[in-house]
Amino acid sequence: MYMISTIQAQAYRATKDTIHINRAAREMVMYLKELQKNDGLFDHVPDVPIYWGRGNGWYAAGMAQLLTSLPADNPDRPHILRSYRLMMESLIDYQDASGMWKQILNEPSSWNESSGTAMICYAMATGVKYQWLEQKRYTPMFRKAWLALVDQMNPNGDLRNVCEGTNKKNDRQYYLDRKKLTGDMHGQASVLWTAVALME
């Protein structure tokens, strides 16, 4: 939902050919209908009912990225925007007191994970910027997340506590035991997206 949307949206921006953005929107709606839960969040995959943090980060960032390019008259836009808002509303309940989101979103004993936090922060900041989300409600959320991410940076600018690459496994302990990396590109890239969204 992130990779396909981003590539197709970029193709649309470069060519102005709506075939690309329409394809991205149809694909997104197909995934949303199949995978989004009633609370707006996503299992890692259909047969692994675990709210993996970065997995949900991909969904959040993918919808935000697509909505920035999707024309107002696209017939799939209302569905995507509803799904995005539902997810953002649910994520409020799972933000840790530190400002981070967890490796497993709904597991309070789980560790605070940086790449998912950065992707969610990016999605919220983008939503406020484009007025899809209420500024008064969401600005404190993404501001708190950003300050927490800054605290995760080491002196070289490398982000700490980034989950290693993760395949599916129907075992909560598997997710809790994933390695915490520093400087992994899943974190470096997403924190840069967030910084750009905040500067804009």
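Please refer to the structure higher up on the page.
All residue numbers refer to position in the chain's written sequence, counted from 1. Selection of residues for local features in this predicted model requires a pLDDT of at least 70, selection of side-chain atom pairs for listing and counting requires 80 or more, and totals for whole chains, interfaces and linings are taken over all residues. Remark: hydrogens and water are excluded; side-chain values derive from all non-hydrogen atoms of the structure.

1. What to know about helix α5 (residues 114–129)
Stated formally: Strands here are runs of E lasting at least two residues and helices are runs of H or I lasting at least four, both read from the DSSP assignment and numbered beginning at the N terminus. The span one expects for a helix is its residue count, reduced by one, times 1.5 Å. Each residue gets one of three labels from its accessible area relative to the maximum for its type: buried under 20%, exposed over 50%, partly exposed in between, using a 1.4 Å probe on protein chains only.
Counted at 1.5 Å a residue, the expected span for α5 with its 16 residues is 22 Å, and the 22 Å between its end C-alpha atoms agrees. The element α5 is extensively covered by neighbouring structure, given that 15 of its 16 residues are classed as buried. Phi turns positive one or two residues past the end of α5, at Q131, with a value near 65 degrees.

2. With respect to the nonpolar core
Convention followed: Take the buried Ala, Val, Leu, Ile, Met, Phe, Trp, Tyr and Cys residues and link them wherever side-chain atoms come within 4.5 Å; each set so joined is a nonpolar core. Residue contacts follow a heavy-atom distance rule, with two residues in contact if any of their heavy atoms lie within 4.5 Å.
Grouped together as the largest cluster of nonpolar side chains are 54 residues, with contacts concentrated most on M63, I80, Y84, M87, M88, L91 and M124. Those elements that place two or more of their residues in this core are α1 (3–15), α2 (18–35), α3 (53–69), α4 (77–92), α5, α6 (135–151) and α8 (185–199). Per-element tally for this core: the top contributor is α5, with nine residues. Not counting residues within four places of it along the chain, the set of residues in contact with M87 comprises Q36, G40, L41, F42, N56, Y59, A60 and M63. By size, the runner-up hydrophobic cluster in this structure holds eight residues, among which are W111, C163, Y174 and Y175.

3. Here we look at the pattern of salt bridges
We apply this condition: We define a salt bridge as a contact between a side-chain nitrogen of Lys or Arg and a carboxyl oxygen of Asp or Glu at a distance within 4 Å.
For the structure on display, the rule yields eight salt bridges. We note a salt bridge from D47 to K168, for which the minimum N-O separation is 2.8 Å. With D47 in the loop between α2 and α3 and K168 in the loop between β3 (162–163) and α7 (172–176), the pair connects residues that are 121 residues apart, well separated along the chain. The exposure class of D47 is partly exposed, given its relative accessible area of 44%. Taking relative accessible area as the criterion, K168 reaches 47% and is therefore assigned partly exposed.

4. Examining α6
Heads up, the rule is: Directions drawn from the helix axis to the C-beta atoms are what define this arc.
The first and last C-alpha atoms of α6 sit 24 Å apart over 17 residues, in line with the 24 Å expected at 1.5 Å per residue. Taken residue by residue, α6 has Y138, M141, F142, A145, A148 and L149 as its buried positions. In an axial view of α6, the angular spread of the buried residues amounts to 115 degrees, which keeps them on one side of the axis. Exposed and facing more than 90 degrees away from the buried side of α6 are Q135, K136, R143 and D151. Looking at the buried side of α6, the elements it contacts are α4, β1 (101–102), α5 and α8.

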